[in-house]
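Survey of secondary and tertiary structure
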Amino acid sequence: MESSCPLIKNILILDGEGKRIAVKYYSSDWSTPSSQAAFEKSVFTKTQRTNARGEAEIIMFDNVITVFKFVSDLHFYVTGSQDENELILVTVLQALFDSISLLLRNAVEKKTVLENLDLALLTLDEIVDGGVILETEANVIASRVTMRGADSDLPLSEQTFSQALASAKEQLARSLLK
């Protein structure tokens, strides 16, 4: 019986040399670390010469649909089965990029992502769980990653550093008083 729910096979964030920054595999197609590394290397090699800087590109590669986008020195990839809807995969890719961009205050580059790897990994978890897409709205994802309620005063992207620090202090004080 075919599933009508769109499924993601994996999400990859690689650096400009094809090395792993943050990845999540949701499919048993790549069950060993060596098969995952081989897939990452082959998809990077296949796509590195394309011009996916502005808009997302779509390719069919090894019987999976791969959508990808390059930003600065990072390469973002989302893959699905060959019969998956490409627009849904692009929506997940855009949600990933927009969420990370919000969380890192538009400083989307390798150094910043590595310094905030916890946020990047939490973003992957908030977007997809077990291959099932949970959320594609960047503001909601960023709020969940930073554990801010949906009813908070200002979205994370509109807070100043001092407001964010005050909010963190307030949340810490509340958690200690419980």
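Our structure's up above, just so we're on the same page.
This write-up is about the structure you can find in this document. (Residues numbered from 1 in each chain as written. Predicted model: local features only at pLDDT ≥ 70, side-chain atom pairs only at ≥ 80, totals over all residues. Heavy atoms only, no water.)

Points about the overall build of the protein
- Assigned secondary structure in the protein consists of 6 helices and 7 strands.
- Secondary structure of the protein in N-to-C order comes out as β-β-α-β-β-β-α-α-α-β-β-α-α.
- Counting all 178 residues of the protein, 41% fall into the buried class.
- The contacts in the protein between residues at least 6 apart in sequence include a share of 49% that link residues at least 24 apart. (Helix = DSSP H or I, 4+ residues; strand = E, 2+ residues; numbered from the N terminus. Buried < 20%, exposed > 50% of the residue type's maximum accessible area, 1.4 Å probe, protein only. Contact = heavy atoms within 4.5 Å.)

Here's the deal with the pairing of strand β4 (residues 64-71)
- Most of β4 sits out of view: 8 of its 8 residues are buried.
- Alternating positions in β4 separate into two faces, V64, T66, F68 and F70 on one and I65, V67, K69 and V71 on the other, with burial throughout.
- In the sheet, strand β3 (residues 57-61) pairs with β4 via 5 bridges, with the strands oriented antiparallel. Each bridged residue has a counterpart across the sheet, and for E57 the counterpart in β4 is F68.
- Linkage of β3 to β4, two consecutive antiparallel strands, is achieved through a turn of 2 residues, within which D62 is found at a positive phi near 50°.
- Relative to strand β5 (residues 74-81), β4 is paired through 8 bridges, and the arrangement is antiparallel. Considered in β5, the bridge of V64 is made with S81. (Pairing = 2+ DSSP bridges.)

Quick word on the nonpolar core
- Residues I8, I11, I13, F76, V78, L96 and I100 are the most contacted members of the largest nonpolar core, which totals 33 residues.
- Listed by contribution, the elements that provide at least two residues to this core are β1 (10-15), β2 (20-25), β4, β5, α2 (86-103), α4 (117-127) and α5 (138-145).
- Aside from chain neighbours lying at most four places away, what touches I13 is K19, R20, I21, A22, V23, L74, H75, F76, L96 and I100.
- With 13 residues, the next largest nonpolar core counts L12, V23, V64 and F70 among its residues. (Core = buried A, V, L, I, M, F, W, Y, C linked by side-chain atoms within 4.5 Å.)

Structural notes on the pattern of salt bridges
- Considering all chains together, one arrives at 7 salt bridges under this definition.
- Residues K110 and D15 are paired through a salt bridge, measuring 3.0 Å at the closest nitrogen-oxygen approach. Of this pair, K110 sits in helix α3 (residues 110-115) while D15 sits in strand β1, placing them 95 residues apart in sequence.
- On the basis of relative accessible area, K110 is assigned to the partly exposed category, the value being 27%.
- Of the charged contacts, one joins R20 and E40 as a salt bridge, the two residues approaching to 2.6 Å between their closest N and O atoms. A residue pair is termed long-range when its members are at least 10 positions apart, and R20 in strand β2 and E40 in helix α1 (residues 33-47) qualify at 20 residues.
- In this structure R20 comes out as partly exposed when scored by relative accessible area, which is 43%.
- When salt bridges that share partners are traced, they join E126, E135 and R144 into one network. (Salt bridge = Lys/Arg side-chain N within 4 Å of Asp/Glu carboxyl O.)

Any functional reading would require information beyond the geometric quantities listed.
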